[in-house]
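Below, each chain spelled out in residue letters.
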Amino acid sequence: MMNPRSLLLSIALACFGLIGVALYLQHVVDLLPCPLCVIQRYLFLLIGFACLAGYFMKNTAIGTGVGLLGALGGLGVAGKHLYVLAHPGLSCGIDPMETMLNKIPTATYLPFLFEADGLCENATEGILGMSIPQWAFVWFGLFAVALGWSLLRRRAQ
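Residues numbered from 1 in each chain as written. Predicted model: local features only at pLDDT ≥ 70, side-chain atom pairs only at ≥ 80, totals over all residues. Heavy atoms only, no water.

**A look at the packing of aromatic side chains**
Counted under the stated rule, the structure contains five aromatic pairs. Where phenylalanine 44 meets phenylalanine 143, the ring centres are 6.3 Å apart and the plane angle is 90 degrees; that geometry is what we call edge-to-face. In this pair, phenylalanine 44 is assigned in helix 2 (residues 35-56) and phenylalanine 143 in helix 7 (residues 132-156), connecting sequence segments 99 residues apart. Of the residues examined, phenylalanine 44 reaches a relative accessible area of 8% and is grouped as buried. (Phe/Tyr/Trp six-rings, centres within 6.5 Å; stacked < 30°, edge-to-face > 60°. Helix = DSSP H or I, 4+ residues; strand = E, 2+ residues; numbered from the N terminus. Buried < 20%, exposed > 50% of the residue type's maximum accessible area, 1.4 Å probe, protein only.)

Now the structure itself:
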């Protein structure tokens, strides 16, 4: 069985790696992030930083719990993104959510990472047979299961 601290560090590194992949897709492959993609980036960073904090804290439960909440939120956002892809008439493209997201200070100071500029229905380009939102859903699901298992295991001890 994996040590809870090792699990938290692994999840944090995976989250930061996924942000790196997102930046590669945005700046090299030229896939612009839509509002739902940007929200998923925030959630991956929340999970990553929560798990990293939990790794360094004496009590890992707080970081694990916050990471689990982020993963569950990510499942919801990625699920919404998949719903938009399945129903092309429902666009989340240029709407008030994009304007609001682009006015958050992180988007103002770090536009290369947090500025929403794409359409949600354009995220259909596949990687290994799955679209980017499908991959995000899988990763959020894996993180939710691992963090939930870690909390339950801790509680049982």
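**Some words on the nonpolar core**
Ile11, Phe44, Ile47, Cys51, Phe140, Phe143 and Leu147 are the most contacted members of the largest nonpolar core, which has 32 residues in total. Among the elements of the structure, helix 1 (4-27), helix 2, helix 3 (61-86), helix 6 (111-114) and helix 7 are those that each provide at least two residues to this core. Looking at this core, the element that brings in the most residues is helix 2, giving eight residues. Those residues within four positions of phenylalanine 140 in sequence are excluded, and the remaining contacts are Gln40, Leu43, Phe44, Ile47, Gly70, Ala71, Gly74, Leu75 and Ala78. (Core = buried A, V, L, I, M, F, W, Y, C linked by side-chain atoms within 4.5 Å. Contact = heavy atoms within 4.5 Å.)

**Some details on a nonpolar patch on the surface**
A cluster of nonpolar side chains, namely Tyr24, Val28 and Val29, defines an oily patch on the protein surface of about 280 Å² accessible area. Structurally, valine 28 is set in the loop between helix 1 and helix 2. Judged by relative accessible area, valine 28 falls into the exposed class, the value being 56%. (Patch = residues over 30% accessible without salt bridge, like charges linked within 9 Å, V, L, I, M, F, W, Y side chains within 5 Å. Areas by Shrake-Rupley, 256 points an atom, 1.4 Å probe, with all protein chains shown as cover. Salt bridge = Lys/Arg side-chain N within 4 Å of Asp/Glu carboxyl O.)

**Observations concerning the environment of alanine 116**
Within the secondary structure layout, alanine 116 lies in the loop between helix 6 and strand 1 (126-127). Looking at alanine 116, the relative accessible area reads 1%, which means it is buried. Residues alanine 116 and valine 38 lie 78 residues apart in sequence; the distance between their C-alpha atoms is 6.1 Å. Not counting the four nearest positions on each side in its chain, alanine 116 is found in contact with Pro33, Cys34, Pro35, Val38, Glu98 and Asn102.

**Overview of the packing of helix 2 against helix 3**
Two numbers describe how helix 2 lies on helix 3: the axes approach to 8 Å, and their chain directions differ by 165 degrees. With respect to their mutual orientation, helix 2 and helix 3 come out roughly antiparallel. Every pair of crossing elements has a handedness; the one defined by helix 2 and helix 3 is left-handed. Within the contact between the two elements, helix 2 uses Leu36, Cys37, Ile39, Gln40, Leu43, Leu46, Ile47, Ala50, Cys51 and Gly54 and helix 3 uses Gly63, Val66, Gly67, Gly70, Ala71, Gly73, Gly74, Val77, Ala78, Lys80, His81 and Val84. (Axes fitted to C-alpha atoms, helices over the stretch in contact; angles between N-to-C directions. Parallel < 35°, antiparallel > 145°, perpendicular 65-115°, else oblique. Left-handed = near helix turned anticlockwise from the far one by under 90°.)

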